[in-house]
Amino acid sequence: MSKAMLINVTHAEESRVAIVENGVLDTFEIETLNRESIKGNTYNGVVEGINTTLNAAFVRYSNDRPGFLPMDEINFKNVPILKGREDGGGHRQHIRDRLERGQKILVQVIKDGFSTKPASLTTYYSLPGRYLVLMPGSDSSGISRKIEDAEQRERLRKIMEELKVPDGFGVIVRTAGYDVSRTELHRDLKYLLKLWDNVQKTSDGQLWPSLVYQERDLVLRTIRDYFTQDISEIYIDSKEMYEKAMSFFQEVMPAKRKILKLYTEDRPIFTRHNLEEQIETIYKRRVSLKSGGEIVIDGTEALTAIDVNSSRSKRESNIEDLATATNIEAAEEIARQLRIRDIGGLIVIDFIDMRSQKNVREVERSLKDAMKRDKAKYDITRISKLGLLEISRQRLKAEKAAGSYVACPTCGGHGLVRTTESAALAVLRKIHARVPRGDLSAMKVSLPPDVAFYLLNQKREDLAGLEHRYKTRITIAPVPTLRPHQSEIELTTREGAPAAMEEPRVEVRPREREGREARRHRHEERRRPQPAPAPEAAPQPERAEPAPPAEAAEATQEGEQGQKRRRRRRRRRSRRGQGERMEGAGQAEEGERRPEQGPSAERRPLIVRAEALPDEEEVLVPRPLEPRSEISSEPASAQAAPVQDASEESPAPAKRGGRRLWWRKRAQRPRGSGGEAPSGEEG
């Protein structure tokens, strides 16, 4: 047989329709009881909210279903402008000028909702028939783009001019009307006009919100949309559905009634034509090719990635020819998989790299030819230098897998589960984090059998060590109903009350906390000046007066005195270190010049004053001199200037002519001079 349509409706929970061409599944439609399609239904809706940012409205078309109505889907002829917002001509582009909250409106579903997205609604109504599509509220007419024969397009255009289409209605000739007569087109037009009158009457008599018109079921809808002249047989395995289909043929196309047949064999109809195995490939990630190659399909919510692999394909000796042959075969299979699986959105295909541009163009041509049979709108790009090709395909309905499969509760939908070792170590870490607190008397851990046995056999010493150290009884219980990543922990405190399993927290010691707070308090007190204490007896004035300048001067003076004290300490440390370094050299030089002195002779370090720079002189506050034990009270012969005895009490000078800048400039001692001062400093 060349082409046949097979309909399986023996079970009420699931209805399936398949179109087979030469034994290969070409089109597949499925509808389950818990996931029925509402595309094409017409509802009485109520505007629930308006989003000015999106320039769209949310319309409640059912008791528990809100829909999304954008501004682009509002027909200005069917939805007039609100009163008081007329502008004297032209079309308003803001949705608030057309809709308001609580307004009643007739809407039609153009796309089923999927995932968390609501259904898409429109006011551009369309009623599809067998050969025509009636569009109330539109004046345009046309012919399907898939009818490419110029003679047929001209013939259909003349027939459309002869048909008396009422004003305010548009008509489009479908692909199925390729070679039909004028009589059949006229019959289809009368049926659609009568159907629209029934929709309007039903809408006026129904509540808001409510269902006004329901699209045909899967079987009749598939026959109406997918039946073509090249289909030679239609088999239905249900007598009730066979009678409904026969009535539809009698009403729409009576000349084709003879191709409709009732399937009565005991063997299931899909098994009879070897379709069950082909249908199973729809839900698989890898699809094998006849040549030995394969394609891998991975999808997300809005993007699908398809990878082409040569795998075991070895029919070509040349690598370039092998890549080209595999890519051409994969292009045809990808077009079929997109159509069967109802994959929409952005599709990225990674073909095998080819060097020849001729082969690249051949693969692109094969994919475009295979996509011509697709009813959805699509856009195909060219293969880039990286071997990638992008396809943007219209999402007509939810994917097939969404109605028959749910996300795996074990892996969460990403296809990976935790190993036994990893799950056991994760639980052991939780035990290690909770037991050392010391407030538990018992802990019971329920785990899957594999994880529990691994802990008891491989981590027995760790558990025993925790029990002995913290006096806590740890019980590991295998529970077959738990999944590999699940665990249940029951805690009992020493008082007998149940405890909660908390995450470990980093605790700060009390001493460290007090130290941090004290340092922060001192830092804040140092940065801000202390306010002057207010007198106890005197009442507070109503207006706050600024602080006296004496407090600011006192705070500034304290800061300067602290800075001077730090400078003096640095100077003393520097002099002390310099004296110790110069003491050894001075003793050696003095021993060479005066060998008559005995070892008991007292040796003094060399102290040299630093010169003061003339441009950095400053006046210092008078202060008493501090005693220095390392400087002798007797003057030494090697010193350039006598050093004042620290034990003598002398009044401090009121002003010093120059500041001793020990970090800027010091007296230089020539090499090899030992403790002898430079000649320029000798008095």
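The coordinates are above.
A brief report on the enclosed structure follows. (Residues numbered from 1 in each chain as written. Predicted model: local features only at pLDDT ≥ 70, side-chain atom pairs only at ≥ 80, totals over all residues. Heavy atoms only, no water.)

As for its position among the elements, isoleucine 347 is in strand 19 (residues 345-350). Isoleucine 347 sits 44 residues away from leucine 303 along the chain, and the two C-alpha atoms are 5.8 Å apart. (Helix = DSSP H or I, 4+ residues; strand = E, 2+ residues; numbered from the N terminus.)

A word on the pairing of strand 7 (residues 104-111). Sheet topology note: the strand 4 (residues 42-51)/strand 7 ladder contains five bridges and is antiparallel. For valine 46, the partnering residue across the bridge sits in strand 7 and is lysine 104. Here three bridges tie strand 7 to strand 8 (residues 119-122), and the two strands are oriented antiparallel to one another. Looking across to strand 8, one finds that lysine 111 is bridged to serine 120. (Pairing = 2+ DSSP bridges.)

A few words now on a positive patch on the surface. The grouping of Arg565, Arg566, Arg569, Arg570, Arg573 and Arg576 at the surface amounts to a positive patch. The topology assignment puts arginine 573 in helix 14 (residues 549-593). (Patch = residues over 30% accessible without salt bridge, like charges linked within 9 Å, V, L, I, M, F, W, Y side chains within 5 Å. Areas by Shrake-Rupley, 256 points an atom, 1.4 Å probe, with all protein chains shown as cover. Salt bridge = Lys/Arg side-chain N within 4 Å of Asp/Glu carboxyl O. Lys, Arg positive; Asp, Glu negative; His and termini not counted. Charge placed at Lys NZ, Arg CZ, Asp CG, Glu CD.)

With that out of the way, let us pick up the pairing of strand 18 (residues 303-309). Judged by which residues are buried, strand 18 turns out to be one-sided: Thr304, Ile306 and Val308 face inward and are buried, whereas Leu303, Ala305, Asp307 and Asn309, on the alternate face, are not. As paired elements, strand 17 (residues 294-299) and strand 18 share six bridges and run antiparallel to each other. Of the residues in strand 18, the one forming a bridge with isoleucine 297 is isoleucine 306. In this antiparallel pair of consecutive strands, strand 17 and strand 18, the connection spans three residues. (Buried < 20%, exposed > 50% of the residue type's maximum accessible area, 1.4 Å probe, protein only.)

Here the focus is the nonpolar core. With 47 residues, the main nonpolar core has Ile7, Leu134, Ile223 and Ile234 as its most contacted residues. The leading source of residues in this core is helix 2 (residues 182-205), at seven residues. In contact with isoleucine 223, not counting residues within four places along its chain, are Met5, Ile7, Arg130, Ala245, Phe248, Phe249 and Met253. Membership of the second largest hydrophobic core comes to 27 residues, among which are Val287, Leu289, Ile334 and Met371. (Core = buried A, V, L, I, M, F, W, Y, C linked by side-chain atoms within 4.5 Å. Contact = heavy atoms within 4.5 Å.)

Remark: helix 10 (residues 420-434) packs on helix 11 (residues 449-458), axes separated minimally by 9 Å, with the N-to-C direction vectors making an angle of 65 degrees. The orientation of helix 10 relative to helix 11 falls into the category roughly perpendicular. Read as a crossing pair, helix 10 and helix 11 show a hand that is right-handed. Judged by residue contacts, Thr420, Glu421, Ala423, Ala424, Val427 and Leu428 of helix 10 engage Asp450, Val451, Tyr454 and Leu455 from helix 11. Broken down by class, the residue content of the contact of helix 10 with helix 11 amounts to seven nonpolar, one polar and two charged. (Axes fitted to C-alpha atoms, helices over the stretch in contact; angles between N-to-C directions. Parallel < 35°, antiparallel > 145°, perpendicular 65-115°, else oblique. Left-handed = near helix turned anticlockwise from the far one by under 90°. Nonpolar A, V, L, I, M, F, W, Y, C, P; charged D, E, K, R; others polar.)

Right, let's get into the sheet that holds strand 11 (residues 141-143). The sheet built from four strands is open, its strands ordered 9-10-12-11 with mixed pairing. Single-partner strands in this sheet number two, and they are strand 9 (127-128) and strand 11. Inspection of the sheet shows strand 9 paired to strand 10 (residues 132-136) by two bridges, in the antiparallel sense. Among the inter-strand pairings, proline 128 is bridged to a residue of strand 10, identified as valine 133. Sitting on the sheet, helix 2 touches strand 9, strand 10 and strand 12 (169-173), and the angle it makes with strand 10 is about 35 degrees.

Time to look at the environment of arginine 494. Locating arginine 494 in the fold gives a position in the loop between strand 24 (488-493) and strand 25 (498-499). Once the C-alpha coordinates of arginine 494 and serine 441 are considered, the two residues, 53 residues apart in sequence, prove to be 4.8 Å apart. Among residues more than four places away in sequence, those in contact with arginine 494 are Gly438, Asp439, Leu440, Ser441, Tyr470, Lys471 and Thr472. Side-chain polar atoms of arginine 494 contact the backbone oxygen of lysine 471, separated by 3.3 Å. (Polar contact = N/O pair within 3.5 Å; in protein donor to acceptor, adjacent residues only side chain to side chain.)

Here the focus is the sheet that holds strand 17. Reading across the sheet, the six strands line up as 16-17-18-19-21-20 and stay open at both edges, with mixed pairing between neighbours. Of all the strands in the sheet, just strand 16 (286-288) and strand 20 (378-380) have a single pairing partner and so form its edges. Pairwise comparison of adjacent strand axes, ignoring direction, gives a mean angle of 20 degrees for this sheet. As paired strands, strand 19 and strand 21 (residues 388-393) are joined by six bridges and run antiparallel to one another. Along strand 21, the bridge assignment pairs valine 348 with glutamate 390. Contacting strand 16, strand 17, strand 18, strand 19 and strand 21, helix 7 (residues 319-341) runs over the sheet at an angle of about 150 degrees to strand 18.

Time to look at the layout of surface pockets. What the second largest pocket holds in volume is close to 1000 Å³. Mapped by element, the contributors of at least two residues to the lining of the second largest pocket are strand 17 and helix 9 (400-404). Looking at side-chain class alone, the lining of the second largest pocket contains 13 nonpolar, eight polar and nine charged residues. (1 Å grid on protein atoms, 1.4 Å probe; cavity = no way out; pocket = protein on both sides within 12 Å on 5 of 7 lines; lining within 4 Å. Points joined across faces, edges and corners; volume = space filled by probe spheres on them.)

We now examine helix 11. Regarding helix 11, the residues found buried are Val451, Ala452 and Leu455. The buried residues of helix 11 occupy one face: seen down the axis, they fall within an arc of 100 degrees. Of the exposed residues in helix 11, the ones pointing more than 90 degrees away from its buried face are Asp450, Asn457 and Gln458. Residues of helix 11 that are buried sit in contact with helix 10, strand 22 (440-447), helix 12 (460-470) and strand 23 (473-478). (Arc of directions from axis to C-beta.)

Attention shifts here to helix 3 (residues 218-226). The buried fraction of helix 3 is high, at eight of nine residues. Restricting attention to buried positions, one finds in helix 3 the residues Leu218, Val219, Leu220, Arg221, Thr222, Ile223, Arg224 and Asp225. Next to the buried residues of helix 3 lie strand 1 (3-11), strand 2 (14-21), strand 3 (24-32), strand 9 and helix 4 (239-252).

Before going further, it helps to examine the pattern of salt bridges. For the coordinates displayed, the defined rule picks out 24 salt bridges. Between aspartate 26 and arginine 339 there is a salt bridge; the shortest N-O distance is 3.2 Å. Of this pair, aspartate 26 sits in strand 3 while arginine 339 sits in helix 7, placing them 313 residues apart in sequence. The partner of arginine 272 in a salt bridge is glutamate 265, with the nearest N and O atoms 3.9 Å apart. Take arginine 272: its relative accessible area is 39%, and that puts it in the partly exposed class. Through salt bridges with shared partners, a single network forms among Glu21, Asp26, Arg339 and Arg373.

Moving on, we get to the packing of helix 10 against helix 12. Contact pair helix 10 / helix 12: the axes reach a minimum separation of 11 Å and the direction vectors enclose 15 degrees. Relative to helix 12, the element helix 10 lies roughly parallel. When you trace helix 10 past helix 12, the crossing you get is left-handed. Residue-level contacts link Leu428, Ile431 and His432 of helix 10 to Asp462, Leu463 and Leu466 of helix 12.

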